[in-house]
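# Close look at the chain arrangement
Okay, here's what each chain looks like letter by letter:
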Amino acid sequence: MPRITVKVGTSTLAHPTGRINIRHIENLVKVLSDLKNAGNQIILVSSGAIGMGTGSLGLPGRPADMPTKQAAAAVGQCELMYIYDKLFSEYSHTVAQILLTADDLEHPDRRKNFENTLFRLLELNVLPILNENDTMATAEIAFGDNDSLAASVACCLHSDLLVMLTDTEGLYTDDPSVSPDAELIPCVTEITDDLYRLAKGSGSTVGTGGMLTKLNAAKACMACGIDTIICGGSRPELLYDIIEGKACGTKFIGKKV
Ligand code: GLU
C-alpha cells in the first residue's frame, strides 16, 4: 500500500481573515478520501490552528506574542478537527488527532510510542491528522513550522512520498508575483545554495513556513530516500496526477540507495 504524507498549510486552509476556506478544505477532504478508498495510506499534517483561532477569537490579525499564539492555536485546533471529522465522516473515514513537538521524536521511548500508535492507526484504516502541539512548543523543543514536522513524520513512518500543498504551484526561478519571466522548476535532484537563494524571502502572511522551510523539508526527505512534491493547494486534484506519476509542481527526487 503506498503511504503518502500530505502537508497542507494555513494559506490553503484559511482565508486571510483567519476564517476557514470552505472550498479548499472540502476539496482536499474529498480527494484524500478518494485516495484512501483507492488503497493508499494517507497521513495528513495540517496547519491552520493559529489562523482559525485568530478568526474565532476575533483578533485583529495573527498574534505576535507566544501566549496569544498558543491560545489561538488551542481554540483553532478544535475548530480544525471538528471540520475534518465532520467532512471525512461524510465519506465514511475515521480521523485521529496527534499533536507533537520535535522532542517527542528525538526521545527514543516517545518516538517508539508515536510509531506504534501511528502504525496501529494505519492498520485500523484511520486517517491520522497531525499538527505541532503549539501549547507546549517553546522555541527549544519546537519544530517551529509544519514543513519540518511533515518531513520528520514522513521519514519516521517510512512514507513513499511527501506532498506539500501550498499557495504557489512549486519552486520558481524568480518570484512569480513580481517577475513575469519566472519559470516553474519541475524537478530537483540536489538542493544547492542557488536554490536556497531562490527560496529566500518567499513567505506567507498567514502561516509560519515559506519556501525556505519547504526546501529544508525536501532535503531531509531526499536524504531518507523519499520523493517530495511542492504544489498548489487550491487544486488538491493534483494529487491524482502525482500518484499516476504525472509531472506536477516541483518534484524533489529522494536519494535511491
Ligand atoms: N502549528 C501551526 C498552526 O497550526 C502551524 C505552523 C505552520 O504554519 O507551519 O497554526
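Above this text is the structure in question.
Here is a short report on the structure shown in this document. (Residues numbered from 1 in each chain as written. Predicted model: local features only at pLDDT ≥ 70, side-chain atom pairs only at ≥ 80, totals over all residues. Heavy atoms only, no water.)

## Here's the deal with the overall build of the protein
This is how it is decided: Every helix listed is a DSSP run of H or I at least four residues long, and every strand listed is a run of E at least two residues long, numbered separately from the N terminus. The rule is simple: take the accessible area with a 1.4 Å probe, protein chains only, and divide by the maximum for that residue type; under 20% is buried, over 50% is exposed, in between is partly exposed. Residue exposure ignores everything except the shown protein chains as possible cover, and the areas themselves are Shrake-Rupley values with a 1.4 Å probe.
Across its full length, the protein holds 10 helices and 8 strands. Along the three orthogonal principal directions, the C-alpha set of the protein runs to about 45 × 40 × 35 Å. The buried share of the protein, taken over its 257 residues, is 52%. Accessible area for the protein stands at about 12000 Å²; split by element, carbon and sulfur atoms hold 53% of it.

## Some details on the sheet that holds strand β1 (residues 3–8)
Threshold: Think of it this way: DSSP has to see at least two bridges between two strands before they count as a pair. Here a residue-residue contact requires only that any non-hydrogen atoms of the pair lie within 4.5 Å. Fitted lines through C-alpha atoms give the axes, limited to the stretch in contact for helices. The angle between two N-to-C directions lies from 0 to 180 degrees.
Strand order in this open sheet of 8 strands is β3-β4-β2-β1-β5-β7-β8-β6, and the pairing throughout is mixed. Across the chains shown, the open sheet's two edge strands, defined by having one partner strand only, are β3 (95–100) and β6 (187–188). Pairing geometry for strand β2 (residues 41–46) and strand β4 (residues 127–132), over 2 bridges, is parallel. Across the sheet, L44 pairs through a bridge with I129, a residue of β4. Docked against the sheet, helix α4 (residues 66–90) engages β1, β2, β3 and β4, running at close to 155° with respect to β3. Helix α9 (residues 211–223) contacts β1, β5 (161–166), β6, β7 (227–232) and β8 (250–252) of the sheet and is inclined by roughly 175° relative to β5.

## As for the site of the ligand
The cut-off we apply is this: Here a residue is considered near a molecule or strand provided that any single heavy atom belonging to it is located within 4 Å of it.
Around the ligand, a shell composed of 9 residues is seen, among which A49, I50, N131, D134 and N146 lie nearest. Its free accessible area being 300 Å², the ligand has 97% of it covered by the protein chains.

Shape descriptors only; they carry no functional weight alone.
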